[in-house]
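If you want the building blocks of each chain, they are given just below.
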Amino acid sequence: MTKKIAISIPDDVAERLAAGDIENVSAYVTEAVRRQIATEQLHANLAGVGIHVTKDGVDRWRRVLAERRAAMTPDRWQAARDHLDGVMRGEQ
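Predicted model, so just to flag it, every value in this text is computed and none were measured.

Caption draft 1: Structural detail: the overall build of the protein chain. Helix and strand counts for the protein chain stand at four helices and zero strands. From first element to last, N terminus to C terminus, the protein chain shows the α and β order α-α-α-α. Computed over its C-alpha atoms, the radius of gyration of the protein chain comes to 20 Å, more than 25% above the 12 Å expected for a compact globule of 92 residues. The burial tally for the protein chain puts 4% of its 92 residues in the buried class. Total accessible area computed for the protein chain in this model is approximately 8500 Å², and 55% of it derives from carbon and sulfur atoms. Of the charged side chains in the protein chain, 14 are positive and 14 negative; the average position of the first set lies 4 Å away from that of the second.

The structure is reproduced here in structure tokens:
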């Protein structure tokens, strides 16, 4: 079942949705809202065990991950993939 609603959105978002490259705007918006709901549920679950997610904390970890990704050479990426493949096969 679906329900038609009217919402107000900022101009930049409206322009993106109207750009013409999104085949089904309703499906696109639905998926975005579902992702946000899942994120909120994850944050609530983490808070329930004492882990409080903050914007500053997320931003900090994004910077850390970006630095670590930048430091990875192709050989290190391949070694990580090989290790993960082994773990998935139960070899490690």
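Right, picking up where we left off after that structure.
Caption draft 2: Geometry of the environment of Ala66. Mapped onto the elements of the fold, Ala66 is located in helix 3 (residues 55-71). Distance from Ala66 to Thr30, taken between C-alpha atoms, is 29 Å for residues 36 residues apart in sequence.

Caption draft 3: Local environment of the pattern of salt bridges. Across all of its chains, the model carries four salt bridges by this definition. Where Glu31 meets Arg35, a salt bridge forms, and the shortest distance between an N and an O atom there is 3.7 Å. Of this pair, Glu31 and Arg35 both sit in helix 2 (residues 25-48), four residues apart, which is roughly one turn of that helix. Given the relative accessible area of 51%, Arg35 is considered exposed. Here Arg89 ties to Glu91 by a salt bridge, and the two come within 2.9 Å at their closest N and O atoms. When sorted by exposure, Arg89 lands in the same class as Glu91, which is exposed.

Caption draft 4: Structural view of the layout of surface pockets. Of the pockets and cavities examined, the largest pocket occupies roughly 490 Å³. In terms of lining, the largest pocket is formed by 17 residues, of which the most central are Lys3, Ile5, Ser26, Val29 and Thr30. Secondary structure elements with two or more residues in the lining of the largest pocket: helix 1 (11-18) and helix 2. The biggest single contributor to the lining of the largest pocket is helix 2, with nine residues. Among the residues forming the lining of the largest pocket, the class breakdown is eleven nonpolar, three polar and three charged.

Conventions and cut-offs
- Residues numbered from 1 in each chain as written.
- Predicted model: local features only at pLDDT ≥ 70, side-chain atom pairs only at ≥ 80, totals over all residues.
- Heavy atoms only, no water.
- Helix = DSSP H or I, 4+ residues; strand = E, 2+ residues; numbered from the N terminus.
- Rg over C-alpha atoms; globule rule 2.2 N^0.38 Å.
- Buried < 20%, exposed > 50% of the residue type's maximum accessible area, 1.4 Å probe, protein only.
- Areas by Shrake-Rupley, 256 points an atom, 1.4 Å probe, with all protein chains shown as cover.
- Lys, Arg positive; Asp, Glu negative; His and termini not counted.
- Charge placed at Lys NZ, Arg CZ, Asp CG, Glu CD.
- Salt bridge = Lys/Arg side-chain N within 4 Å of Asp/Glu carboxyl O.
- 1 Å grid on protein atoms, 1.4 Å probe; cavity = no way out; pocket = protein on both sides within 12 Å on 5 of 7 lines; lining within 4 Å.
- Points joined across faces, edges and corners; volume = space filled by probe spheres on them.
- Nonpolar A, V, L, I, M, F, W, Y, C, P; charged D, E, K, R; others polar.

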